[in-house]
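So the chains spell out like this:
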Amino acid sequence: MMKTVEKIPFLLVAAMLIISSCTSQRALTREEYSESVRSDLPFAVSDMTRVHADQDTYRFSCDDYVPLLPDYEVDAEGAVMIYRTTFMPTHDIQSADYIWRNVVISKRNKRILCIDRLLRDGKTFGFVYVLQSEDARFPQGCHWDVTDQRLMLFVADIFRDETTLSVELLRTLLSTRTQLSFNQAISKADSCFMAGDFATSSDFFTLAFRTPDAAPQSFHYCNAAEVAARAGDTYNAFERLYELTDRDKNWYTADFATNEVWQPLHNDPRWQPLCDTVTARQARIEKDYDHALISRLNAIQQRDQQPRHAYLFALQTTPENRPLLDSLIREMQAADSVNILEIKDILTTYGFPKKSKVGTANTTIWMIIQHSDNIPAFQRECLPMLTQAALQGEIDKWQVAMLEDRIALSEGRPQKYGSQIVTNEAGKQVIYTLLDPEQVDRWRAEAGMEPLQTYATRMHAALPHP
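Here is what the cut-offs are and how they apply
- Residues numbered from 1 in each chain as written.
- Predicted model: local features only at pLDDT ≥ 70, side-chain atom pairs only at ≥ 80, totals over all residues.
- Heavy atoms only, no water.
- Axes fitted to C-alpha atoms, helices over the stretch in contact; angles between N-to-C directions.
- Helix = DSSP H or I, 4+ residues; strand = E, 2+ residues; numbered from the N terminus.
- Parallel < 35°, antiparallel > 145°, perpendicular 65-115°, else oblique.
- Left-handed = near helix turned anticlockwise from the far one by under 90°.
- Contact = heavy atoms within 4.5 Å.
- Expected span 1.5 Å × (residues − 1).
- Buried < 20%, exposed > 50% of the residue type's maximum accessible area, 1.4 Å probe, protein only.
- Salt bridge = Lys/Arg side-chain N within 4 Å of Asp/Glu carboxyl O.

### Brief notes about the packing of helix H12 (residues 363-370) against helix H14 (residues 397-410)
Okay, step 1: The geometry of H12 relative to H14 is characterised by a closest axis approach of 10 Å and an angle of 15 degrees between their N-to-C directions. Classed by the angle they form, the pair H12 and H14 counts as roughly parallel. Handedness of the crossing formed by H12 with H14: left-handed. Across the interface between the two elements, Thr363, Trp366, Ile369 and Gln370 of H12 pack against Trp398, Gln399, Val400, Met402, Leu403 and Arg406 of H14.

In structure tokens form, the structure reads like this:
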């Protein structure tokens, strides 16, 4: 990311001017002074406390994310970059990797505030550094007018020395965050996405891509671009889509041009060229597709997923409504019976459909087999075929791993990969019995799966007792 680095942070202080008249000439108490500083802030804070009794520095926190754009952006090395320029791209959403700095000149109170904002868990907090002119209300201030424009270089030097607290805190946060592995950061990104916290999810994707063990796949970049777009961060959304299309020359999605996920990007001049590239790829790759078979597979998938989504929603919202839950279970079973017959017919007619003919629609085959728990013999019969498909790159290895575990569960054997979750006697979700707890993470890694502990945390399930 290119930005303009300014060695003198406040050389061109183009800050908000808060002007009003002074109404009292008595010296303010410590509490009154703190409240006057709070009143000069351009956003509301939920808490503000003095850092040290002998310093005019405050730490604050906000209950929500503060969207106010900064005057400067500061990195963990202390480099200060002018934020708004006419020729460099900027972020509309703050990243947890940078400090956002605003400078406020209060003519009313004859003070300058340097406000440093950081992010953690999607919430804003930071420091306010105050440089105060002396007068009857503020007898402890400087003996000169700190708001005098002719003294801005001097003011800049003072703030440069005083703002080390912010940089030190940022370094601490980054050090803590970088201890996460790639899979852990991805898991946190997914959790934030599910909670609707798209900005923090985007931050964790950024962190994941920078971890030493980073091994992102195409869907990681696609998901990262989606959360950035949903958060209004068009800069990162496009950067990740560019990275995706450069890394995977065959990546596309059939509804890229119309999917509402990308709606925030449509007015950007970069959108149409990118959209044209993806559309051209689709036309090239799908030229020899069997579209009738794709439509058939998509219909099977929809019939499989609709009652399951309805069941999960009912389970979460009205778990006491047993008649509704039982009705949805029967609907799932009926759909499964029809789907199994359809899949058997497709396999008899075509064999396992290759990506060159149906693209990723062939994952429907695995999905229906995976859900055929009432016919375990059919699952076992299909396992060698799916294993061969994975070896040929037609499906992912983790899909075969999950089917192996599913069969083991139905046959009462310990599972190899730890993908299956059951409800124990206490009504709690727990990972089903493991074949070898010492080897499970190695096996999972070979199948392209995240560590078991990370998976269990994401699924809100306990590990099995040793």
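Next comes the rest of the account.
### What to know about helix H6 (residues 218-230)
Okay, step 1: For H6, which comprises 13 residues, the first-to-last C-alpha distance of 19 Å matches the rise-based estimate of 18 Å (1.5 Å per residue) to within 8%.
Okay, step 2: Residues of H6 that are buried include every one of His220, Tyr221, Cys222, Ala224, Ala225, Glu226, Val227, Ala228 and Ala229, and no others.
Okay, step 3: One or two residues past the end of H6 sits glycine 232, with phi positive at roughly 85 degrees.

### Thoughts on the pattern of salt bridges
Any two side chains of opposite charge can pair if their charged atoms end up close together.
Okay, step 1: Applying the stated criterion to the full structure yields 22 salt bridges.
Okay, step 2: Taking the shortest distance from any N to any O, the salt bridge between aspartate 148 and arginine 150 comes out at 2.8 Å.
Okay, step 3: Ionic pairing is found between arginine 296 and glutamate 342, a salt bridge with its closest N-O pair at 2.9 Å. Highlighted residues: arginine 296 in helix H9 (residues 291-317) and glutamate 342 in helix H10 (residues 322-350), separated in sequence by 46 residues.
Okay, step 4: Judged by its relative accessible area of 26%, arginine 296 is partly exposed.
Okay, step 5: Connected via shared salt-bridge partners are Arg296, Arg303, Glu342 and Asp345.

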